[in-house]
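Coordinates in review
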Amino acid sequence: HASTTNGFLLADDMGLGKTIQILTFLAWLKERGGLSPSLIVAPSILINTWDNDEPSQAGEIQKFFQPGTFKTYKIQGFSKDYQRDFRLIAESDLVFTTYESLRLNNIWLGRVHWKCIVCDEIQAVKNPKTLVSVALKAQNGDFKIACSATPIENTTEDLWNIMDFAVPGVLGSLSGFKGQFVKPLDKLTSEQNDERKILNDNLIEVIGDKFLRRSKEDKLKDLPNKKVVVHLIEASAEEKKRISEINRLRQQGEPSLPLIQKLVACCSHLRLESNFDPYKVPPRNLIDESSKLGYLKMILDHIQAKGEKAIIFTPFRQMQIVLFQVIKLWYGIQPFILNGSLSTDKRSQILNSFRKNKGFDVIILSPLAAGVGITLTEANHVIHYTRLWNPAKEAQATDRVYRIGQINEVYVYYLILSFENSGSLQFDSEKKYVDYFLKEKTIGKTPEEKMNRLLVKKKNMLNSFFLVAGNQAADVVGEWDEEDEVPEQLTLQNVEQLLKPSEFKALCGVLYKKLGYNVFLTVTSGDPGVDKVIEKGGKYGLIQARILNDDLPDSALDEIYGAKTIYGGQLGISIDELIVISTAESVREALKRTAGTYKVKIILRNELETLLKENAVYYSEIENLAKDRYSLEQLKKVL
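Computed from a predicted structure; not experimentally measured.

How each quantity is defined
- Residues numbered from 1 in each chain as written.
- Predicted model: local features only at pLDDT ≥ 70, side-chain atom pairs only at ≥ 80, totals over all residues.
- Heavy atoms only, no water.
- Pairing = 2+ DSSP bridges.
- Helix = DSSP H or I, 4+ residues; strand = E, 2+ residues; numbered from the N terminus.
- Axes fitted to C-alpha atoms, helices over the stretch in contact; angles between N-to-C directions.
- Contact = heavy atoms within 4.5 Å.
- Expected span 1.5 Å × (residues − 1).
- Buried < 20%, exposed > 50% of the residue type's maximum accessible area, 1.4 Å probe, protein only.
- Phe/Tyr/Trp six-rings, centres within 6.5 Å; stacked < 30°, edge-to-face > 60°.
- Lys NZ or Arg CZ within 6 Å of the ring centre and 35° of its normal.
- Arc of directions from axis to C-beta.

We now examine the sheet that holds strand β11 (residues 361-365). Read from one edge of the open sheet, 7 strands run β10-β11-β9-β12-β13-β8-β14, paired in mixed fashion. Among the strands making up the open sheet, the edge pair consists of β10 (336-338) and β14 (423-427). Pairs of neighbouring strands in the sheet enclose a mean axial angle of 20 degrees, with direction left out of account. Where strand β9 (residues 309-313) lies against β11, 5 bridges are found, and the strand directions are parallel. The residue of β11 that forms the bridge with Lys309 is Asp361. Each of β8 (226-234), β9, β11, β12 (381-384), β13 (410-418) and β14 touches helix α14 (residues 291-305); the most contacted strand, β13, lies at about 160 degrees to it. Lying on the sheet, helix α17 (residues 391-398) is in contact with β8, β9, β12 and β13; it crosses β12 at an angle near 150 degrees.

Below, the structure is given as structure tokens:
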């Protein structure tokens, strides 16, 4: 379609050889004198995948084409001599650069007349407002290829920006596209498939032959089987207790994403809630504290007995180190950890070492760092120890292994903490796994069972409606509690058992907001004895809040009275109210007299309980208020 098409999106499934397809097309262009110069833009880790002369890490050009087929040149970082670069570009067939280098050099690169521009893993520039996106669209190219197996990582809006590069105008204006597709999709539930199909068909018709997508299942009939194994692992008494505690907090109002994330972290390991150093905890203790870790050994033992290799995915840095520690204890090996903190060269060294090692081995990866540029067909076991909300990124992680070059049967394991007995389910395909769990109800189930259900619903939409699957990072907050009970307001018992001291301070702020005050939480450290500044009718006050089992100490009054001078002087205001709120049941007579002298109002347990009964407070309100905290300098500006 060269006469009618000047660009397209190649969105073939991962592992189908998009790079070799594009290089074959570029070789075809060269035979006809229509290649030089052409530009290939890719994430830094992928440049060597395209073009690398080192025999041990040969690029696709070196693997599949005769020497001399392409004369290549690379521009990395900011060019200090672009006149020299101009000359070398003119002598080259293919010029490679990274997205970041394109941003740095976009003005002079925009003066080059490129015959073809290829953007690999173009989902890296899905946001139209970024400088990289602007730089890319400013390039002068006759023909453009956008390449990505997951062009829609977040919302269908991503697709507009990618197509605006490849075939400008094909999807109209961004505002028009939002009105026609994005906004209607955002209103659909996961069950409204008839409406979704209409939008999907309309979008496919608009894009037409500017979009190419093939799946492995359709095209690679000789690819080994991929089996999905779901392990339901019974939680320990301690894990059940902690999940229940956090759930009780979460049910105090609207669903809360930070608390849901905390629940998921607890399922991986209870210690992930705290800022602990995994290197300083004995590995046997780490194992004893996690039901999942004990179960993981059973899986790894089976893989070791077969002499095969495994990849374990978890996004939590601390969990990656925990896994390193326990695998070292169990098998006497030191598994590599690969996450976003490593340089490109270090990543390459790690991956090559893993590939070359014979027999059983394990590598621990962040699914966020494994999205592009990694092929590990030497492994055939993929263990999702902690899952991501985004099914497209989870698929990217799995397809590091399940792609062209894989010769062994692939096993994908989902480890899911359960309140019931342990057991496993094996499925001969991803579709059978999805179909099975679509029917599952999640009332009273664990956080990971709820998460699995949400992911399955998203996977089902991706399979059926690739272009309009909606928000890929599942609408967690909106759907998490769809089958749960109506939230209840916080009680004093909830407060004492479940709230951290910082959360208690925010709770007292919420109460005063309900009493008609403007409330400003102070910073968590460095505040001189004050947790909140309040204002009502032009009059100001200070509040200190403490969770206590014993009597209120003298220091509480001393601190807030001393702070009156500091805050009044610094902020240039008159402080009319001093308030101390506490869960203590009583206060000594001497302290009562001091409070009278200082003019401090003391609110104790009984009065606090009455305030909570009269003014319904939900945990989500505490979270919302706690998002903004003010130093003295910030308060000066606000007040």
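Having seen the structure, we can now continue with the description.
For helix α15 (residues 317-331), with 15 residues, the first-to-last C-alpha span of 21 Å sits near the 21 Å given by 1.5 Å per residue. In terms of burial, α15 is a largely internal element, 12 of the 15 residues being buried. Those residues of α15 that sit buried are Gln318, Met319, Gln320, Ile321, Val322, Leu323, Phe324, Gln325, Val326, Ile327, Trp330 and Tyr331. At its buried positions, α15 is contacted by α12 (257-268), α13 (283-288), α14, β9, β10 and β11. Directly after α15, the chain includes Gly332, whose backbone phi takes a positive value near 70 degrees.

Considering all chains together, one arrives at 21 aromatic pairs under this definition. Both rings, one in Tyr561 and one in Tyr598, keep their centres 4.1 Å apart while their planes meet at 5 degrees; by these two values the pair is stacked. Taken together, the residues Tyr561 in helix α23 (residues 554-571) and Tyr598 in helix α24 (residues 589-598) connect sequence positions 37 residues apart. For Lys309, the ring lying beneath its charged end belongs to Phe354, and the centroid distance is 5.0 Å.

Let us now look at helix α9 (residues 193-207). Think of an α-helix as 3.6 residues a turn; residues three or four steps apart then line up on the same face. Taking 1.5 Å as the rise per residue, α9 with 15 residues should run 21 Å; its terminal C-alpha atoms sit 21 Å apart, in good agreement. Three or more residues of α9 are buried, namely Arg196, Leu199, Asn200, Leu203 and Ile207. Across the axial projection of α9, the buried residues extend over an arc of 100 degrees, all falling on one side. Turned more than 90 degrees off the buried face of α9, the exposed positions are Asp194, Ile198 and Glu205. Looking at the buried side of α9, the elements it contacts are α7 (157-166), α8 (174-186), β7 (211-212) and α19 (447-464). Of the residues flanking the end of α9, it is Gly208, one or two places downstream, whose phi is positive at about 60 degrees.

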